[in-house]
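Commentary on secondary and tertiary structure
In case you want the letters, here they are:
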Amino acid sequence: MVRHIVMFKLKEFTSPAEKLEKMQAIKSGLESLIDVIDVLRLIRVDFNCNPDEAWDLILTTELDSLEDVKTYAIHPDHVAVAKELIGPYKADRACVDYEY
């Protein structure tokens, strides 16, 4: 099994409510992929609760192999979520994949 973890820092928003709304949309969009991308074993998005840290969101996915990570990454539904819901608001991204 491979755990694929991505952290996102979002751009500045005009209000905390606007930021939370965008974060909820990203969470819903990503988590809905469990129903359409068959290589996903788990997908979960959580929000950082520590204001002293830089990252806003963490995406955790579990897949059977690195090849499945690649399949997930190029899947049209994942690409659409990344382009439409994450891309316009993303300031930075960090990723790690590890076997367990």
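See the structure shown above.
Below is a short write-up of the structure. (Residues numbered from 1 in each chain as written. Predicted model: local features only at pLDDT ≥ 70, side-chain atom pairs only at ≥ 80, totals over all residues. Heavy atoms only, no water.)

As a packed pair, helix 1 (residues 16-31) and helix 3 (residues 76-86) sit with axes 10 Å apart at the nearest point and diverge in direction by 175°. With respect to helix 3, the axis of helix 1 lies roughly antiparallel. Where helix 1 abuts helix 3, its residues A25, I26, G29 and L30 lie against H78, V81, L85 and I86. Among the residues forming the contact of helix 1 with helix 3, the class breakdown is six nonpolar, two polar and no charged. (Axes fitted to C-alpha atoms, helices over the stretch in contact; angles between N-to-C directions. Helix = DSSP H or I, 4+ residues; strand = E, 2+ residues; numbered from the N terminus. Parallel < 35°, antiparallel > 145°, perpendicular 65-115°, else oblique. Contact = heavy atoms within 4.5 Å. Nonpolar A, V, L, I, M, F, W, Y, C, P; charged D, E, K, R; others polar.)

Evaluation of the coordinates by the stated rule reveals two aromatic pairs. Lying across the ring of Y100, R3 places its NZ or CZ 4.3 Å from the centre. (Phe/Tyr/Trp six-rings, centres within 6.5 Å; stacked < 30°, edge-to-face > 60°. Lys NZ or Arg CZ within 6 Å of the ring centre and 35° of its normal.)

Among the residues of helix 2 (residues 66-74), D68, V69 and Y72 are the ones counted as buried. Buried residues along helix 2 cover an arc of 105° about the axis, so they all sit on one side. Among the exposed residues of helix 2, those oriented more than 90 degrees off its buried face are E67, K70 and I74. As for helix 2, its buried residues are in contact with strand 1 (2-10), helix 1, strand 2 (40-47), strand 3 (57-63), helix 3 and strand 4 (90-99). (Buried < 20%, exposed > 50% of the residue type's maximum accessible area, 1.4 Å probe, protein only. Arc of directions from axis to C-beta.)

With respect to the helices and strands, H78 occurs in helix 3. In this structure H78 touches L30, L33, I37, Y72 and A73, once residues within four positions along its chain are discounted.

This paragraph deals with a nonpolar patch on the surface. On the surface, a cluster of nonpolar side chains totalling about 360 Å² of accessible area is made up of M1, V96, Y98 and Y100. The partly exposed category is assigned to V96, whose relative accessible area is 42%. (Patch = residues over 30% accessible without salt bridge, like charges linked within 9 Å, V, L, I, M, F, W, Y side chains within 5 Å. Areas by Shrake-Rupley, 256 points an atom, 1.4 Å probe, with all protein chains shown as cover. Salt bridge = Lys/Arg side-chain N within 4 Å of Asp/Glu carboxyl O.)

Turning our attention to the environment of W55. On the secondary structure map, W55 appears in the loop between strand 2 and strand 3. We classify W55 as partly exposed; its relative accessible area is 25%. Taking the C-alpha atoms as reference points, W55 and A91, 36 residues apart in sequence, are found 9.8 Å from one another. The residues contacting W55, other than those within four sequence positions of it, are M7, F8, K9, N48, D92, R93 and A94.

Limitation: the analysis is restricted to geometry and does not speak to function.
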